[in-house]
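Take a look at the letters that make up each chain.
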Amino acid sequence: MKLMPCPLNGPRPLLEFVCGGEVRTMPDPDTCTDAAWASYLFTRDSVPGIRREWWCHIPSGYWFVAERDTARDEIVKTYDSSRLAAPQAEVVPA
Amino acid sequence: MMYRLPPVPGEWIDRSRQLEFEYEGRPYTGFAGDTMTSALAAAGEMTLGRSFKYHRPRGIFSFANHDANNLFQVDGVPNVRGDVAPLAAGARITAVNTFGGLARDRGRFLEWLAPFLPVGFYYKAFHGRHFPRWERRIRAISGLGTVHAALPREYTPKRYAFCDVLVVGAGATGLAAALSAADGGARVMLVDENARAGGSAAWSGATTAEVAALGERVARNPRIEVLLSTYAAGCYADRWVALVEPHRMTKVRARAIVFATGVIEQPAVFRNNDLPGVMLGSAAQRLLHRCAIAPGRRVVILTANREGYELARQLRAHEVHVAAVLDLRSGSVGDAHEIPGVRCETRVVPEEAIAGRDGAVRALRFRCASDASVAQRTERIECDAVLMSVGFAPAIQLLMQAGAASAYDTALQQHLPATLPPGIFAAGRLNGVYEFAARRQDGRDAGVAAAACARGERDVYRHEKPEHMRQVSHLYPVFEHARGRNFIDLDEDIQVKDLRDAAQEGFDSPELMKRYSTLGMGPSQGKLSNLNGARVLTRVRGTSLTDTPLTTQRPFYHPVPLKHLAGAGFHVTRRSAAHACHEALGASWMNVGGWQRPEFYSFAGLGRAECIAAEARAVRTGAGLIDVSTLGKIEIHGPDAGRFLDRVYAGSFADLRAGSTRYGLLLDEGGIVRDDGVIARLGEASYYFTTTTGGAAGVYRELLLWNARWRMDCAFVNATGHRAAFNLAGPASRELLQSLTGIDLSEAAFPFQGARSGEVAGIPARILRAGFVAALGFEIHVPFGSGAHLWNVLMNAGERFGIRAFGVEAQRLLRLEKGHAIIGQDTDNLTNPFEARLGWAVRMGKPFFVGQRSLRIHESRGPRQTLVGFELPADHAPVFEANLLIDGGDIAGRVTSIARSPTLGRTIGLAMAAPRLAAPGTELAIRASDGRMVPARVVKTPFVEAA
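S.K.: Any chance you could explain the nonpolar core here in plain terms?
M.R.: When a protein is soluble and globular, its nonpolar side chains tend to lie buried together. Membership of the largest hydrophobic core comes to 90 residues, with the highest contact counts inside it found for Tyr23 and Phe270 of chain B. Apart from the residues within four sequence positions on either side, Tyr23 of chain B is in contact with Tyr28, Leu40, Thr47, Leu48, Phe72, Ile93, Ala95 and Leu102 of chain B. Of all hydrophobic cores here, the second largest spans 39 residues; its members include Met26 of chain A together with Leu645, Leu704 and Trp706 of chain B.

S.K.: I would appreciate a short explanation of the packing of aromatic side chains in the present structure.
M.R.: All names here are of chain B. Applying the stated criterion across every chain yields a total of 17 aromatic pairs over all chains. Relative to Tyr516, the ring of Phe507 lies with its centre 3.8 Å away and its plane at 15 degrees, an arrangement referred to as stacked. Assessed through its relative accessible area of 26%, Phe507 is described here as partly exposed. Classification of Tyr516 as buried rests on a relative accessible area of 9%. Between Phe644 and Trp710, the aromatic rings sit 5.8 Å apart at their centres with planes inclined by 65 degrees, giving edge-to-face as the arrangement. Here Trp710 lies in helix 17 (residues 696-710) and Phe644 lies in helix 16 (residues 641-648), a separation of 66 residues in the sequence. On the basis of relative accessibility, which here comes to 0%, the residue Phe644 falls in the buried class.

S.K.: Which parts of the structure should I look at to understand the interface of chain A and chain B?
M.R.: Much of the literature gives interface size as the accessible area that the parts lose upon coming together. On the side of chain B, 24 residues touch chain A, which itself brings 27 residues to the contact. Summed over both sides, the interface between chain A and chain B buries roughly 2300 Å², with carbon and sulfur atoms accounting for 54% of that surface. Joining chain A to chain B, the criterion identifies three salt bridges. For Asp34 of chain A, the salt bridge is made with Arg853 of chain B, and the minimal N-O distance between the two is 2.9 Å. Across the chain A-chain B interface, the total number found is 13 residue pairs in polar contact (both at pLDDT 80 or more). Among the elements of the structure, strand 3 (17-22), helix 1 (34-42) and strand 4 (50-57) of chain A are those that each provide at least two residues to the side of chain A that touches chain B. It is helix 1 of chain A that contributes the most residues to the side of chain A that touches chain B, four residues altogether. Classifying every residue of the side of chain A that touches chain B by side-chain character gives 16 nonpolar, five polar and six charged.

S.K.: Got a minute to help me understand the pattern of salt bridges in this structure?
M.R.: Charged atoms that come close allow side chains of opposite charge to pair. All names here are of chain B. Applying the stated criterion across every chain yields a total of 53 salt bridges over all chains. With a closest N to O distance of 3.5 Å, Arg220 and Glu216 form a salt bridge. With Arg220 and Glu216 both in helix 5 (residues 208-220), this residue pair falls four residues apart, about one helical turn. Among the residues examined, Glu216 registers a relative accessible area of 45% and is labelled partly exposed. One salt bridge connects Glu702 with Arg674, and the closest N-O pair in it is separated by 2.5 Å. Residue Glu702 is located in helix 17, and its partner Arg674 is located in strand 36 (residues 673-683); the two are separated by 28 residues in the primary sequence. Taking the relative accessible area as the measure of exposure, Glu702 reaches 18% and is therefore buried. Taking the relative accessible area as the measure of exposure, Arg674 reaches 33% and is therefore partly exposed. Overlapping salt bridges, with partners in common, bring together Arg56, Arg58, Asp274 and Asp493 in one network.

S.K.: So what exactly am I meant to see when it comes to the environment of Thr621 of chain B here?
M.R.: Residues and elements named next belong to chain B. Secondary-structure assignment places Thr621 in helix 15 (residues 608-621). The class of Thr621 is exposed, set by a relative accessible area of 60%. Taking the C-alpha atoms as reference points, Thr621 and Leu110, 511 residues apart in sequence, are found 79 Å from one another.

S.K.: Just to check I follow, could you spell out the pairing of strand 22 (residues 361-368) of chain B for this structure?
M.R.: Within a regular beta strand, the side chains point alternately toward one face of the sheet and then the other, so they alternate between its two faces. Residues and elements named next belong to chain B. As paired elements, strand 21 (residues 348-355) and strand 22 share seven bridges and run antiparallel to each other. Residue pairing in the sheet places Val348 in a bridge with Cys368 of strand 22. Following strand 21, the chain reverses through five residues before pairing antiparallel with strand 22; Gly359 in that reversal takes a positive phi of roughly 90 degrees. Bridge analysis of strand 22 against strand 23 (residues 378-382) gives five bridges, and the strand direction is antiparallel. Bridging across to strand 23, Phe366 finds its partner in Glu379.

S.K.: Got a minute to help me understand the pairing of strand 44 (residues 866-871) of chain B in this structure?
M.R.: All names here are of chain B. By the criterion of burial, strand 44 is predominantly enclosed, with six of the six residues buried. The alternating pattern of strand 44 places Thr866, Val868 and Phe870 on one face and Leu867, Gly869 and Glu871 on the opposite face, and all of these are buried. As paired elements, strand 44 and strand 47 (residues 906-913) share six bridges and run antiparallel to each other. The residue of strand 47 that forms the bridge with Glu871 is Ile908. Here strand 44 pairs with strand 49 (residues 933-939) via three bridges, running antiparallel. Opposite Phe870, over in strand 49, you have Val938 as the bridge partner.

S.K.: Would you take a moment to explain the sheet that holds strand 3 of chain A for this structure?
M.R.: Two strands in a sheet stick together by hydrogen bonds in their backbones, pointing the same way (parallel) or opposite ways (antiparallel). Residue and element names in this part refer to chain A. Pairing within the open sheet is antiparallel, and its four strands lie in the order 3-4-5-6. Each of the sheet's edge strands pairs with one partner strand only, and the pair in question is strand 3 and strand 6 (74-80). Strand-to-strand, the axes of this sheet are offset by a mean angle of 35 degrees, without reference to chain direction. Of the pairings in the sheet, the one linking strand 5 (residues 62-69) to strand 6 comprises six bridges and is antiparallel in character. Across the sheet, the residue bridging to Ala66 is Thr78, located in strand 6.

S.K.: In this structure, what is going on with the packing of helix 4 (residues 172-183) of chain B against helix 9 (residues 436-454) of chain B? I would like to understand it.
M.R.: Helices that pack against each other are described as a pair by the angle of their axes relative to one another and the distance between those axes. All names here are of chain B. Axis separation between helix 4 and helix 9 bottoms out at 7 Å; the angle between their running directions is 35 degrees. Seen from above, helix 4 lies across helix 9 with right-handed handedness. Here Ala172, Thr173, Ala176, Ala177, Ser180 and Ala181 of helix 4 come into contact with helix 9, specifically with Phe436, Arg439, Arg440, Gly443, Arg444, Gly447, Val448 and Ala451. Of the residues in the contact of helix 4 with helix 9, the class split is seven nonpolar, four polar and three charged.

So, how was this worked out
Per-chain numbering applies: the sequence of each chain, read as written, is numbered from 1 onward. Throughout, the order in which chains and ligands are written sets their labels, letters from A for the former and numbers from 1 for the latter. Restriction of local features to residues with pLDDT of at least 70 applies here, the model being predicted, together with a cutoff of 80 or more for giving and counting side-chain atom pairs; totals for whole chains, interfaces and linings are based on all residues. Side-chain metrics in this entry use all non-hydrogen atoms of the structure; hydrogen atoms and water are not considered. Put simply, a nonpolar core is a bunch of buried Ala, Val, Leu, Ile, Met, Phe, Trp, Tyr and Cys residues held in one set by side-chain atoms that sit within 4.5 Å of each other. Note on exposure labels: buried denotes an accessible area under 20% of the residue type's maximum, exposed denotes more than 50%, and partly exposed covers the range between, all computed with a 1.4 Å probe on protein chains only. We call two residues in contact whenever any of their non-hydrogen atoms come within 4.5 Å of each other. Aromatic pairs are defined between Phe, Tyr and Trp rings, using the six-membered ring for Trp, whenever the two ring centres lie within 6.5 Å; interplanar angles under 30 degrees are classed as stacked, those over 60 as edge-to-face, and all others as tilted. Think of it this way: any DSSP run of H or I at least four residues long counts as a helix, any run of E at least two long counts as a strand, and we number them from the N terminus. The term buried area refers to how much accessible surface (probe radius 1.4 Å) is lost by two components on association, counted for both of them together. A pair is scored as a salt bridge if a Lys or Arg side-chain nitrogen falls within 4 Å of a carboxyl oxygen belonging to Asp or Glu. Within 3.5 Å is the distance limit for a polar contact, defined as a pair of N or O atoms, with the added protein rule that one can donate a hydrogen and the other accept it, and that residues adjacent in sequence qualify only through two side-chain atoms. Under this grouping Gly is polar, as are all residues other than the nonpolar Ala, Val, Leu, Ile, Met, Phe, Trp, Tyr, Cys and Pro and the charged Asp, Glu, Lys and Arg. Paired strands are those between which DSSP finds at least two bridges. For helices, the fitted axis covers only the stretch in contact; all axes are lines through C-alpha atoms, and the angles between them, taken along N-to-C directions, range from 0 to 180 degrees. Definitions for this section: a left-handed crossing has its near helix turned counterclockwise from the far helix by less than a right angle. A right-handed crossing has that turn clockwise.

This is the structure in structure tokens:
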């Protein structure tokens, strides 16, 4: 079984984790076209290569970011989501 | 005829301990340290099994279970690997795959049918009307041991282990690698499938004393754990290796692995190369050095490398008669070809092995191409053993599973590891290093590098090809014969012709050929056949091994008894705090989202439907109590808690007053209804809310993900397991509960959608006014440990109101009467809230919530379907959930909920219908499961107004 290097819990077996899909930026829902929104919802770029994904360590409920090379089935690196620049449309007004 | 020799230095057998056993019904004797196969060989038994397809007699071939010839049924246990399984006193052994015993196997006549069993037979015969007949026939005559279901269950422990460096193979290379890794500070595990360490060193360059000294140093080293009689069965991601020990499986995670798995000797392919007595040179070496058994009384060695001559010398040293050494190569090769007193020939072409009356080899017919004058004349040489030493294939299977790539080395005529993933090392003959001293050095280098890797240092190991690499494998040890029977794969009885035919029929890539011909798909997984198969394929296609990738060899490396793979199933069942109370009330259990929940409570003399109806009636007329502890329960605390809920739930919660609740609807980004629950505001900055039973874990995780994205100032507690919860419902519920609490429950003080904290029967509780199943109801949430107590208190206090516990079925019925949809039952993954008639729970005017953008699109397009209530006439055919609505000859929807309402005395239901059918009074047509059309009429919901 693969090991996932969790930024919070260290290396743990993969079955303790669940993938939350690619890290993607939500377009501004108030200004984007229907087509742009539909593309955000349904279009995925599944070209093999390095993907940035959300992963959750289930027992601790911790979401973090993993960069995974889907062509080589390798986890390149993982880090806390605070290191993601907050996507613009998702910045919550204070 | 094989026979036992006088003591051989370093032999593994203990001649002071004789073991009696039985084989095919006759008594035998062996020594402690013998394997089943060697004990039989020492007794002169040549035929130890029958082949899979043609039932040909088979004997010792590799004496390492690299072939599947010697599989036995031992005391009822099928397919014991006789080559390596230690002999036990009193064992009752029979051959597998025979009809009426090994010697008189009726199946041996199957060989005459061979012309009718062409390659790809299954694909040609197993289809259409022929399938069942052929399948039954083939199943009856093929197959290996017999499984006895009545044998006692045997539990085998599993162990998890961790180490810095795992060394696979304890030959000269592996021993050296383990020592140097341990010297580098690593905790080392060293595994070897043999009962003793040393591998082939004893007969390939080392003295017995040298091997023993190495083994001693390893055994004394406290940092090395040695596991013998243990094979690495598979190598999985991130250096996770399954080790199969005799009575245990160990799953080990290593920081680094050194593969010192060596090589597997490969057979020559010529007519009747499968006769008992024809075997690999390394099999003879194992027999000689481990068990002191001579391979025959008159031995012929067929060779193409130095190892063959060395074998002849060693046999002669033990006074075994070597009749000839026949070299396939021309005389120009560098090795010394002369052995005084032994006939040595070069440029030999083997014609066929000839069987004696007992089925074992009695002679070899060959040609000598070196002498032009007699090039076409064959010669027959009498012998009772033909030892083949014509080349090797690396035992690279595990290394490939670990992610290595291999390349064919034309200088060595062997596949070698080409690229290795991080933390994976290869050393020794697997690396093309054959000389004893060089193997030890390669092992030491790999051990040092592996220890450094385990310490987290950079990969320092660079395998340098030693200069003295020499060719040990013949290019093409495959010899055609007009009458065939030149076996490539002994497991599956595949001949050269079969592979040629497969290629002819278009299956001419290694992967296709494997599947079509079943090459390498037997129990030994092609250890002795994949390379020769690939050689034949390259000949047919005019290519070379350099550009013919070998097929992937998947786990397991050796057959693994199923007992090692079977384990206890860890199916988690969650039980409510009041589980024993339900049990005492006669609960009939169902599984809901991993929980055991009472479906209904059985009463003596009442059927299922009557019980459910009685429970529902109690709720409508007096009081009912249901355990809803399985609901997800989540707390959110923090200044942004309300604003966070506004962003994820469709309703409005920041403006909720403390002490009140609101229905919460959770959508996904596509505007699809995902989950629902009741959200209560406990105070300024804290909320408590429920989710559906099945959605509990997923919703909690999703909330955490949204806040990982938004990073708002609030925190989450999954309180699902912290609290028990009961819904007390019915007209008498207020009076009942008031008798147990000081909280004012009057309509004015505690209206619908209120939430209060206080004590119930002395237990700290949160009470939510609920209306899911009845107009009046209270959901009481208490600490888990008090759950059973509260249940009993409520049931006792409710006695005078005629209280009844009700289960999931009654709850489904009661909420249906109220017209409430269940998310996931009345909705599916295409249902938006407008279609589920839950638009009232959506605040489209909010600045943002998950699903809002998509709902704008859904709103502008109008609904594609609508949830409607319907009722059926008094006498109707049975209608079930998922029956279809038919309108104008087309599907116009489906029934999502249906039940007979005891309150109304009618059958009512919900259906997801085309919007044109949504108006009350519309006549519907439902196609029942038996095809009959059932009329129904759309009615307004709730079906039951006041209850």
